[in-house]
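Breakdown of the fold
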Amino acid sequence: MDKNIELQDNIQSSEHLRRRWFTNGATLTQRSAFALPSVIVNLVLYIFLCLFQQRINVGHWYDPTLKPDFQNLIPMLLEPLNVFQYPSYIFIVALMMAMLCVVPIIIALFYNIYCALPFVLVCYSITHNALLSVCLLISCTAISFEPLRFKSKFVAAVLCLSPEALYWFFYSGINPEKASGNVLRWAVLYSPWGMAFLFCLAIFGIVIAVGHFLRYHPGVLMPFFGALLATTVLLFHNKIGMAERDFLAEVYQHSPTKVEVFASQTIKPMLQEEFQIYCQSYQKDYVSNATRDEAIMQDIRWQWYLAFNPGVPAPDHITFDPDSKAQQHEKNITLARDESIESINSFIENHPESDRIADAKYYLALLKDMRVDIRALKEEDTLRLYCEVPGDYSRSIWTEILDQFGAKTVSLEARYRLAWLIASHEASNNSLTHDFATAQRLLSEAIGMCDKEFGIRDHQAQRRKAAGYLDAVFSEPPSSINDEQLYLLRARLEYLSRLLHNENRLNTTEHDKLLASFIRLDPHNNDYPDMLAELALNIAKDDPLADNIKYAQAMDIKSVEVKEQALRDLLTEFGDADACQQGRLELAKMLLDLKPENANEQADKLLQDLIAKDPKSFWARQGQILLERLMENMKNQTPPEQPQPEEAAEVEDTILPIE
């Protein structure tokens, strides 16, 4: 009998402890039939929230191959969507983070820990954010703990939000704006988490207040959660859109300037490393001397040259090594290029109605045109990729851009490249004449559109400047053709247009072939200097192309002093020819860079002549801007500031506006 009483007391004590430490919330005390369905509906909404967040972050609704990790928060604010370019993304991230944290805690508060556990598991299995899931588990457990179920449910909820607040504080990651010293940009990268905390407080307050008046009947959370989720999705769709997100991740990040493998790099360290490996393979038998070392280095260079230019005949003693570092780099570049093309094609296929299709095809065509600068590889030991010279592989894509997106900015590049292809190719079998008229029409259209685009961008820049300090914090989303590229494109358009002008043609079949051959020359090929020399040797002095060939030879010279003298010779020999306009502008820039004692006077005379001889030309307008800057500096008795090469983008930004 005593044992039965003792057992019964133990059972009652156990039930008492269970009720004391982990009790049900106010909703479950009513025994409503709608309690479980409301939890299920909230769980379904929470699943969609996690899937939506994952779709934005990694591009997939659900990826089971991802492993749970401890994610830093700031990187997700910079890629693929950047909060400095899409300010609305700050509110979207804050809302998503607030809902991810608030919903499980409120479920645990109103119901119990067992109802909240599925929400934690969903967060863990879909978002793969292990640390946030652990914090949610701690919060849900704590708010189900009887000593923490205060009479003020709001105080209890805010107190149990502490693990998430600590997570935002300690796992934001390194703030890249700290080094820049811009306090506002530094603060922007922390603002989503501060905003998320405020959203959490607001949701707690509203839901608990409404629940109090409705006596915590089931379904109190569901309408607020559904409305917030719908607001977040609509805000993202209207302000950004999934197509824009995918463009940045699948297209922009795979553009030629963004892929790390495509970046220019010197191969000298790798040449030296391969040389050391070669020497070590002989151990003590290798005797070093300058002649032998240089011969070995040349053999190693041949491996690089053959890897990226396999059609070139190699010396008899050179055996191509398929396992060399050169071949590994060639495979890496080819693989990265194929992956980039596949990613862009995937975007085009999945978002056929997107406004970004033209930009995607633009990058696709650039990748098709991309090739290795063989000349830089041979002369400078530099592995550099370029895509300035169009090729037949991309012609169909440029044609599509022009036909389907003729009003877009990227169509300017399409017009230039198609004009170049038309003008540089041999005449067809059905005609003995080149179609220079079509090329000139395309160039004329592009020049007009380009000047109009300059005006639009200048107006936008003035508006941003009027915005004050916000201009230093936020910027426009990335443009496929930025200001620097637009300036360079305008220069190429002017150059090719003037080259095809009637004053450079004799309207004979032979001379048209000569002009096409000159346009077709690629400065990145090893035979470029020889081809120019051959053209200069075989062309008559009074030929209208003679000055252009002379100018191309001068600009191909590496030595600054020799190039300066070549440009002076050009001006002396040809005087008022069209290539001399470019020569005057380039020589003026060089003189200001070299800064001799009489540089200002010489540059001033060159620019005055440039403007006087052809005031409406593109070169004259650039010369006018440079002259105004020169005159201002002369008044201040200080030499004009000329940028270093790495500052070229800033200079071009200052030259951009064209009336």
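Residues numbered from 1 in each chain as written. Predicted model: local features only at pLDDT ≥ 70, side-chain atom pairs only at ≥ 80, totals over all residues. Heavy atoms only, no water.

With that settled, consider the overall build of the chain. What the chain contains, in helices and strands, is 28 helices and four strands. With 659 residues in all, the chain has 46% of them scored as buried. Taking contacts inside the chain between residues at least 6 apart in sequence as the whole, the part at least 24 apart equals 70%. Surface exposure of the chain reaches about 33900 Å², of which carbon and sulfur atoms provide 56%. (Helix = DSSP H or I, 4+ residues; strand = E, 2+ residues; numbered from the N terminus. Buried < 20%, exposed > 50% of the residue type's maximum accessible area, 1.4 Å probe, protein only. Contact = heavy atoms within 4.5 Å. Areas by Shrake-Rupley, 256 points an atom, 1.4 Å probe, with all protein chains shown as cover.)

The geometry of an aromatic ring pair is captured by two quantities: the separation of the ring centres and the angle between the planes. On inspection of all chains with the given rule, the structure shows 17 aromatic pairs. When the centroid spacing of 5.6 Å and the interplanar angle of 90 degrees are considered together, the rings of F52 and F236 count as edge-to-face. Placement of F52 in helix α2 (residues 35-58) and of F236 in helix α10 (residues 221-239) is noted, with a sequence separation of 184 residues between them. Grouping residues by exposure puts F52 and F236 together as buried. Their ring planes at 70 degrees and their centres at 5.0 Å tell us that W186 and Y190 sit as a pair that is edge-to-face. A residue is classified by how much of its surface remains accessible, and W186, at 35% relative accessible area, is partly exposed. Grouped by ring-pair contacts, the aromatic residues F247, Y252, F347, Y362, Y363 and W398 constitute a single cluster. (Phe/Tyr/Trp six-rings, centres within 6.5 Å; stacked < 30°, edge-to-face > 60°.)

Bringing the pattern of salt bridges into the picture now. This structure, assessed with the given rule, holds 29 salt bridges. Here D359 ties to R356 by a salt bridge, and the two come within 3.8 Å at their closest N and O atoms. D359 gets classed as buried once you look at its relative accessible area, which sits at 12%. We classify R356 as buried; its relative accessible area is 13%. For R384, the salt bridge identified is with D373, shortest N-O distance 3.6 Å. Here R384, found in the loop between β3 (382-383) and β4 (385-386), pairs with D373, found in the loop between β2 (371-372) and α16 (374-380); they are eleven residues apart in sequence, far enough to count as distant. (Salt bridge = Lys/Arg side-chain N within 4 Å of Asp/Glu carboxyl O.)

Turning next to the environment of L587. Counting through the fold element by element, L587 comes out in helix α25 (residues 578-594). For the pair L587 and K563, spaced 24 residues apart in sequence, the C-alpha to C-alpha distance is 8.8 Å. Leave out the neighbours within four places in its chain, and L587 touches E564, L567, R568, L571 and L606.

Turning to unusual backbone geometry, a few remarks are in order. Cis geometry marks the peptide bond from E79 to P80, where omega comes out at -5 degrees. Here P80 shows up in the loop between α2 and α3 (88-110). One non-glycine residue, H128, adopts positive backbone phi at about 60 degrees. By the secondary structure assignment, H128 is in the loop between α4 (113-127) and α5 (130-143). If you check the backbone angles, Y216 has positive phi at about 55 degrees while not being a glycine. Take Y216: it is sitting in the loop between α9 (191-213) and α10.

The next subject is the packing of α5 against helix α6 (residues 153-160). One can describe the packing of α5 onto α6 by two numbers: an axis separation of 9 Å at closest approach and a directional angle of 150 degrees. When the axis of α5 is compared with that of α6, the two are roughly antiparallel. Taken as a pair, α5 and α6 cross one another with a handedness that is right-handed. Residue-level inspection shows S139, A142 and I143 of α5 in contact with α6, the latter providing A156, A157 and C160. Residue classes in the contact of α5 with α6 are distributed as five nonpolar, one polar and no charged. (Axes fitted to C-alpha atoms, helices over the stretch in contact; angles between N-to-C directions. Parallel < 35°, antiparallel > 145°, perpendicular 65-115°, else oblique. Left-handed = near helix turned anticlockwise from the far one by under 90°. Nonpolar A, V, L, I, M, F, W, Y, C, P; charged D, E, K, R; others polar.)

The geometry of helix α18 (residues 410-424) relative to helix α20 (residues 483-499) is characterised by a closest axis approach of 11 Å and an angle of 30 degrees between their N-to-C directions. Between α18 and α20, the interaxial angle falls into the category roughly parallel. The hand of the α18/α20 crossing is left-handed. In this structure, α18 uses L412, E413, Y416, A419 and W420 to contact α20, whose residues at the interface are L486, L489, R492, L493 and L496.

The predicted coordinates should not be examined in detail at positions where pLDDT is low. Looking at the chain, the pLDDT average stands at 84 and 88% of residues meet or exceed 70. Long-range and interchain partners of residues 11-19, a stretch whose pLDDT sits below 50, account for two contacts in this model, where long-range means more than four residues apart. pLDDT under 50 marks residues 427-432. Its contacts with residues more than four places away, or in other chains, come to four contacts. (pLDDT = per-residue confidence, 0-100.)

Time to look at helix α7 (residues 162-170). P163, E164, Y167 and W168 are the residues of α7 that are buried. The arc enclosing the buried residues of α7, seen along the axis, measures out at 140 degrees, which places them on a common side. Away from the buried face of α7 by more than 90 degrees, exposed residues F169 and F170 are located. In this fold, the buried residues of α7 make contact with α3, α5, α6 and α9. (Arc of directions from axis to C-beta.)

Looking now at the environment of G25. Examined against the element boundaries, G25 turns out to sit in the loop between α1 (2-21) and α2. Through-space distance from the C-alpha of G25 to that of E146 is 9.8 Å; in sequence the pair is 121 residues apart. In contact with G25, other than residues within four places in its own chain, are L109, F110, Y111 and R149.

Before going further, it helps to examine α5. An ideal rise of 1.5 Å per residue puts 20 Å on 14 residues; α5 measures up with 20 Å between its terminal C-alpha atoms. In terms of burial, α5 is largely enclosed, as ten of its 14 residues are buried. Within α5, the full set of buried residues consists of A130, L131, L132, S133, C135, L136, S139, C140, A142 and I143. Contact partners of the buried residues in α5: α2, α3, α4, α6 and α7. (Expected span 1.5 Å × (residues − 1).)

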